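Topology and contacts: notes
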Amino acid sequence: RGVVAAQIVERYAAAGVRPQDCPRLFACAADIMHQHGFAETRTLRDLESGTFSLFSERPLRWLFRHTTQLGRRSAAPRDGGAAAEEAVQALNRACLGADCSVALPLVLDLGCGFGTSSLGMAC
């Protein structure tokens, strides 16, 4: 029963639900986990301190397992290679100024785990 309670709150957190959004659920899960011998787990400590969220260890593992089950999905690029290269060069020219002669590459992180990196930086 303690494992089920932990899994429920982990899945809720992986879905982006925070303890502030549903305090009774998270408090009830913490009580059940405490009663069933989960006193030394990081999940319970985070629940009791109010810091349990999508960025906790176990919800991120749920998200990782979910994404690995989806398989790799990508779309083949269409005739945009030349336009993309031109846009990168224009950005480099605009950003560098006259003092620097080295062009820096433009890096786009398009696969960051459903936006968890962006969400974490925004928090």
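Anything mentioned here points back to the structure above.
We now turn to the structure provided with this report. Everything quoted here is computed from the prediction, not taken from an experiment. (Residues numbered from 1 in each chain as written. Predicted model: local features only at pLDDT ≥ 70, side-chain atom pairs only at ≥ 80, totals over all residues. Heavy atoms only, no water.)

Thoughts on the overall build of the protein chain
Helix and strand counts for the protein chain come out as six helices and zero strands. Seen in sequence order, the protein chain has helices and strands lined up from the N terminus as α-α-α-α-α-α. Considering the protein chain as a whole, with its 123 residues, one finds that 23% of them fall into the buried category. A fraction of 52% describes how many contacts in the protein chain between residues 6 or more apart in sequence connect residues 24 or more apart. (Helix = DSSP H or I, 4+ residues; strand = E, 2+ residues; numbered from the N terminus. Buried < 20%, exposed > 50% of the residue type's maximum accessible area, 1.4 Å probe, protein only. Contact = heavy atoms within 4.5 Å.)

Describing the packing of aromatic side chains
Under the definition given, this model contains one aromatic pair. In this arrangement the basic side chain of Arg65 is found over the ring face of Trp62, its NZ or CZ atom lying 4.7 Å from the centre. (Phe/Tyr/Trp six-rings, centres within 6.5 Å; stacked < 30°, edge-to-face > 60°. Lys NZ or Arg CZ within 6 Å of the ring centre and 35° of its normal.)

Description of the packing of helix H2 (residues 23–35) against helix H3 (residues 42–49)
In contact at an axis separation of 10 Å, H2 and H3 are set at 140° when each is read in the N-to-C sense. Our classification of the angle between H2 and H3 gives oblique. Once H2 is placed against H3, the crossing between them reads as left-handed. Facing H2, whose interface residues are Phe26, Ala30, Met33 and His34, H3 presents Thr43, Leu44, Leu47 and Glu48. Tallied by class, the residues present in the contact of H2 with H3 amount to five nonpolar, two polar and one charged. (Axes fitted to C-alpha atoms, helices over the stretch in contact; angles between N-to-C directions. Parallel < 35°, antiparallel > 145°, perpendicular 65-115°, else oblique. Left-handed = near helix turned anticlockwise from the far one by under 90°. Nonpolar A, V, L, I, M, F, W, Y, C, P; charged D, E, K, R; others polar.)

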